[in-house]
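Here is how the chains run, residue by residue.
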Amino acid sequence: MPTAYTALSLPLRRDLLDALRPGPSTVGDLAEATDLPQAVVSKQLRVLREVGFVQVSAEAQRRWYSLRPEAFAEVADWLEPYRWLWEDRLDRLGDRLETMQDEEQT
């Protein structure tokens, strides 16, 4: 069974997760949004469902896929100790931009 990290390693799966951010979608909607065949989208959604990133609900003949935010908590928890890496860089960028702005005004 794939893990959350192997599921996220494929750009196509990340694209599908991005396409689901606005709300639930059908396989057909996702296939259209990603310009991929429905069979490919279905296969990748199955992997994302197995690791818990998406859930499926049936409404009449349609299946709606949606994100499961709690599944992203594992990845967020793992990334937390590394947050300083990008926060430090953003702080330095902000300082540099302020310096540049001050230099332009003088």
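Since the structure is predicted, the reported quantities are computational estimates derived from the model, not experimental observations. (Residues numbered from 1 in each chain as written. Predicted model: local features only at pLDDT ≥ 70, side-chain atom pairs only at ≥ 80, totals over all residues. Heavy atoms only, no water.)

1. Re a negative patch on the surface
No. 1: A surface patch of like charges, here negative, comprises Glu87, Asp91, Asp95, Glu98, Asp102, Glu103 and Glu104.
No. 2: Relative to the assigned elements, Asp102 resides in helix α6 (residues 83-105).
No. 3: Look at Asp102 and you get partly exposed, because its relative accessible area is 48%. (Patch = residues over 30% accessible without salt bridge, like charges linked within 9 Å, V, L, I, M, F, W, Y side chains within 5 Å. Areas by Shrake-Rupley, 256 points an atom, 1.4 Å probe, with all protein chains shown as cover. Salt bridge = Lys/Arg side-chain N within 4 Å of Asp/Glu carboxyl O. Lys, Arg positive; Asp, Glu negative; His and termini not counted. Charge placed at Lys NZ, Arg CZ, Asp CG, Glu CD. Helix = DSSP H or I, 4+ residues; strand = E, 2+ residues; numbered from the N terminus. Buried < 20%, exposed > 50% of the residue type's maximum accessible area, 1.4 Å probe, protein only.)

2. Quick look at the pattern of salt bridges
Pairs can form between side chains of opposite charge whenever their charged atoms are close.
No. 1: In the structure shown here, the tally under the stated rule is five salt bridges.
No. 2: Arg83 is the partner of Glu80 in a salt bridge, and the nearest nitrogen-oxygen pair spans 3.0 Å.
No. 3: What makes Glu80 partly exposed here is its relative accessible area of 42%.
No. 4: Under the relative-accessibility criterion, Arg83 is labelled partly exposed at 30%.
No. 5: We note a salt bridge from Asp88 to Arg92, for which the minimum N-O separation is 3.4 Å. Of this pair, Asp88 and Arg92 are both found in helix α6, four residues apart, which corresponds to roughly one turn of the helix.

3. Looking at the packing of helix α2 (residues 11-20) against helix α4 (residues 38-51)
No. 1: Between α2 and α4, the least distance of the axes is 10 Å, while the angle of their chain directions is 85°. By the angle between their directions, the pair α2 and α4 is classed as roughly perpendicular. Contact with α2, carried on its side by Leu12, Arg13, Leu16, Leu17 and Leu20, involves Val40, Val41, Gln44, Leu45, Val47 and Leu48 of α4 and no other residues of that element. (Axes fitted to C-alpha atoms, helices over the stretch in contact; angles between N-to-C directions. Parallel < 35°, antiparallel > 145°, perpendicular 65-115°, else oblique. Contact = heavy atoms within 4.5 Å.)

In short, shape yes, function no, at least from these values alone.
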